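A look at the structure
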Amino acid sequence: MHRRLAVLVMMIFGANAAWAQSPAPLDQAEQIRILLERVQQLEKRVAELETKAPTTAAATESAVNVAAITKPAAAVAVPPPGPVQGHQHETAETQTSAGQMEVHYPSLQIRGFGDVNFSATDQKGTPSGFNLGQLDLHLASSLSRKVTYFGELTFNAQPTGYTVEVERSIIRYDYNDFFKLSFGRYHTPIGYWNTAFHHGAWLQTTISRPDMVRVGGTFIPVHFVGLLAEGNIPSGAAGLSYNVGVGNGRGSIISRPGDAGDNNNNRAWVANLYSRPAKLYGLQMGVSVYRDKITLPVVSPAGNEFREWISAAHIVWTKENPEFLAEFANVNHKNILTNASTNNQAYYVQVGYRLPWLEKTLKPYYRFEHTHTPFSEQVFTNQDLVGSIVGLRYDITNYASFKSEYRNTKRLPTDPRVNGAFFQTDFTF
């Protein structure tokens, strides 16, 4: 208001100056009349500006408030589902009065997976029927802007009740995209499947995992207790990333890691290098190595300690038109006492295709897998397998699916082939 009065005064003085420069002088009464008319015109103009000013100011204030509220609201990220992803969760609240975002720690979020199965085979002594699969819970919590916790618990049906298993328990510090350090129990980063799909059956295309990475199996150490460094490698379009870990390795029961402590004074280590080319989205290629010392609980005349060396490679195309997964692993065991060495090989190839009909809910797939263990192998029991799977996945919703499979497998050369039909409904919540 003061500013507008100053403008009015300046305009009056301007009028006087203009009148003083007029070449035709008038009498005093005429000058007063003209000045009064100009004052009235200026007052009318000021009144019009004052009438419009509140509306403009209110509109400006409203726009500022909307921006202050909307910007923080847009900054609240909805966390992605599942494991890949279970390491990056944060919760925020918007304060509309100040237009600021407040983050609370810790911020616990829970996701779950479950499945129900039916199977029937022609193998003698194997009954058909329903089976309640794993109830799998993912727990994720941010402890600070750079520190997160992730846990995974499974509840497993047994003939005498249920068992609870701590599948993963990880605390991770994210320094930047190139270096992230975690401690705890995690899935050993060997190959692709073991770290890509975890325990929720809904995450994977098929009903079961390949035999070489079967949970509870022995060919690949599925779990690992120790520390893991991971991150991206500056490599341009090559999209290189790495995992390097040191831990307890296999326990006395080689299907399990040393959760309660190592059973020998030797640490296992693992390294994984893979590439995701920027120009070929969905493609991943990688190699892995794993080194450990195995101490078996029973001492035989040939000794009970072995050096284990695992080398693996994988190539996958994760787009669903088509989907292609292939892995190979060689497990070498060398007897420390006798120097006797054996090599065990396993691989699988899986293809699938998301059909364009019925809103793309159907996905047929096929997998072939082969495992070979020599007769001289001293650490593994015989794991020979030649098997084929033909299946169809139907996505009931975005969070539930139904799968059906026909399997044809053969173990030992003297064993008959086993044919079976398997069905599963799985879901996430």
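Up top is the structure.
In this text the structure is predicted, and so the values were computed from the model without any measurement. (Residues numbered from 1 in each chain as written. Predicted model: local features only at pLDDT ≥ 70, side-chain atom pairs only at ≥ 80, totals over all residues. Heavy atoms only, no water.)

**Here we look at the side chain of Arg-407**
In this fold, Arg-407 is placed in strand β18 (residues 400–410). Given a relative accessible area of 16%, Arg-407 falls into the buried group. Within the structure, the side chain of Arg-407 is placed 3.0 Å from the side chain of Glu-405, a separation counted as a polar contact. (Helix = DSSP H or I, 4+ residues; strand = E, 2+ residues; numbered from the N terminus. Buried < 20%, exposed > 50% of the residue type's maximum accessible area, 1.4 Å probe, protein only. Polar contact = N/O pair within 3.5 Å; in protein donor to acceptor, adjacent residues only side chain to side chain.)

**Points about the pairing of strand β19 (residues 418–428)**
Where burial is concerned, the two faces of β19 differ: the one with Val-418, Gly-420, Phe-422, Gln-424, Asp-426 and Thr-428 is buried and the one with Asn-419, Ala-421, Phe-423, Thr-425 and Phe-427 is not. The pairing of β18 with β19 spans ten bridges and is classified as antiparallel. By the bridge assignment, Arg-407 is partnered in β19 with Gly-420. (Pairing = 2+ DSSP bridges.)

**Thoughts on the pairing of strand β11 (residues 268–275)**
Bridge count between strand β10 (residues 240–247) and β11: eight bridges; the pairing is antiparallel. Paired with Val-246 across the bridge in β11 is Trp-269. As defined by bridge partners, β11 adjoins strand β12 (residues 283–295) across seven bridges and the pair is classed as antiparallel. Of the residues in β12, the one forming a bridge with Tyr-274 is Gly-286.

**Description of unusual backbone geometry**
Working note: non-glycine residues mostly have negative phi, and peptide bonds are mostly trans. With an omega of -10°, the peptide bond running from Tyr-105 to Pro-106 counts as cis. If you trace the backbone, Pro-106 turns up in the loop between β2 (100–103) and β3 (107–121). Across the junction of Asn-321 and Pro-322, the peptide omega takes the value 0°, indicating a cis bond. Mapped onto the secondary structure, Pro-322 falls in the loop between β13 (305–317) and β14 (323–335). For Glu-359, which is not glycine, the phi dihedral falls at a positive 60°. Among the structural elements, Glu-359 can be located in the loop between β15 (341–352) and β16 (362–372).

**Thoughts on the nonpolar core**
Among the nonpolar cores identified, the biggest contains 29 residues, and Ile-190, Met-212, Phe-219, Ile-220, Tyr-290 and Leu-325 are the most heavily contacted of them. Of all elements in the fold, only β9 (223–233), β11, β12, β13, β14 and β15 reach the threshold of two or more residues within this core. With four residues, the top contributor of residues to this core is β13. Dropping the residues within four chain positions of it, Met-212 is found in contact with Phe-219, Ile-220, Glu-327, Phe-328, Ala-329, Ala-346, Tyr-347 and Tyr-348. (Core = buried A, V, L, I, M, F, W, Y, C linked by side-chain atoms within 4.5 Å. Contact = heavy atoms within 4.5 Å.)

**With respect to the packing of aromatic side chains**
Using the criterion set out here, one finds 14 aromatic pairs in the structure. Ring geometry for Tyr-186 versus Phe-224: centroids 5.6 Å apart, planes at 50°, classification tilted. In this pair, Tyr-186 sits in strand β8 (residues 179–187) while Phe-224 sits in strand β9, placing the two residues 38 residues apart along the sequence. For Tyr-186, a relative accessible area of 3% puts it in the buried group. A residue is classified by how much of its surface remains accessible, and Phe-224, at 0% relative accessible area, is buried. Ring centres of Trp-269 and Trp-309 lie 6.0 Å apart, and the angle between their planes is 80°; this geometry places the pair in the edge-to-face category. Note that Trp-269 is positioned in strand β11 and Trp-309 in strand β13, a separation of 40 residues in sequence. Through pairs of rings, three or more aromatic residues link up here, namely Phe-118, Phe-130, Phe-402 and Phe-423. The residue whose ring lies beneath Arg-407 is Phe-422, and the NZ or CZ to ring-centre distance is 3.8 Å. (Phe/Tyr/Trp six-rings, centres within 6.5 Å; stacked < 30°, edge-to-face > 60°. Lys NZ or Arg CZ within 6 Å of the ring centre and 35° of its normal.)

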